[in-house]
Amino acid sequence: MRKYLIAGNWKMNLDRAESVDLATQIIAKLPSPCPVEVSVIPTLVHLEAVKHVIGSNVQLGAQNVYFEKKGAFTGEVSVGMLRDMGVKYVLAGHSERRHILGETDEIVGKKAHAIVTEGLGLILCVGETLEQRQHFKTVEVVGRQLDAGLAHVAAASAESGHLVIAYEPVWAIGTGLTATPAQAQEVHAFIRTKLVEKYGQETAQNIRIQYGGSAKKANAADLLAQVDIDGLLIGGASLMADEFIGIVQAAIAGQPKH
Ligand code: PGA
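Residues numbered from 1 in each chain as written. Predicted model: local features only at pLDDT ≥ 70, side-chain atom pairs only at ≥ 80, totals over all residues. Heavy atoms only, no water.

K.L.:
What is the right way to look at the packing of aromatic side chains in this model?
P.N.:
Aromatic ring pairs: the centre-centre distance and the angle between the two ring planes describe each pair. Scanning the entire structure with this criterion turns up three aromatic pairs. Arranged with centres 5.2 Å apart and planes meeting at 45°, the rings of Tyr66 and Phe73 form a pair that is tilted. Looking at Phe73, the relative accessible area reads 32%, which means it is partly exposed. (Phe/Tyr/Trp six-rings, centres within 6.5 Å; stacked < 30°, edge-to-face > 60°. Buried < 20%, exposed > 50% of the residue type's maximum accessible area, 1.4 Å probe, protein only.)

Below is the structure:
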């Protein structure tokens, strides 16, 4: 059975006090132990502060990392440094990093490799732009991003539960436009097929594929009801404790599905 992973990507939004406050509110409202996996992903400089309030019921995630282990890389942070902070999941390939910060498929592949090699959980984000969708390029783009992102992610990492894929259509991120459950499921099924080709049926069936892009309390249950949607990666709605908890509750109500 694939346990839902509900993750809140806070991006560059909250100051330290707001981050601690949001984490505190989430913890207060979560059932303990929580039957689905929940993760919050604050900005790097607030990881430590948030870690102190979340306890073991919520996993700490990081929005970014550099792929080298150590050295003269001014301004960068290594996977080992994140692990020392208690981080469990690290995003790679988020569309904002691809499109705003210019991260290439190759860089994403190196980051993905570094994350799993150091034993942390990788959330590999993939997704097409509106223009690519309109030109029927979704499968091509997502397929290419998966091939590059997973080029150095060995089957052993996938088997050990360290690999999560997040399908985030760029046109749905922060726009209020959500992929319909059927549109999302179609791409998730394609991603599952690619994972089967790479890792084999049994391993692929255990890999979680999250959906992200204007996910919120109102659409969470319908998205999560899809057979290949195993969690949500949430931006805007994760900044409001009640919304986020509402999404977690929808996930709890929907589980177990498989
Ligand atoms: P959104 O962001 O929920 O605000 O659309 C999702 C994401 O970027 O992970």
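K.L.:
I keep staring at the site of the ligand and nothing clicks. Help me out?
P.N.:
Taken together, 13 residues lie around the ligand, and Lys11, His94, Glu168, Gly174 and Ser214 are the ones closest in. Between Gly174 and the ligand, the recorded distance is 2.7 Å, taken from a backbone N or O atom to an oxygen atom. Between the ligand and Gly235, the relevant distance is 2.8 Å, taken from an oxygen atom to a main-chain nitrogen or oxygen of the residue. If the ligand stood free it would expose 280 Å²; the protein chains cover 96% of that surface. In terms of residue class, the shell around the ligand is made up of four nonpolar, seven polar and two charged. (Near = heavy atom within 4 Å. Polar contact = N/O pair within 3.5 Å; in protein donor to acceptor, adjacent residues only side chain to side chain. Areas by Shrake-Rupley, 256 points an atom, 1.4 Å probe, with all protein chains shown as cover. Nonpolar A, V, L, I, M, F, W, Y, C, P; charged D, E, K, R; others polar.)

All quantities given are derived from atomic positions and should not be read as evidence of function.
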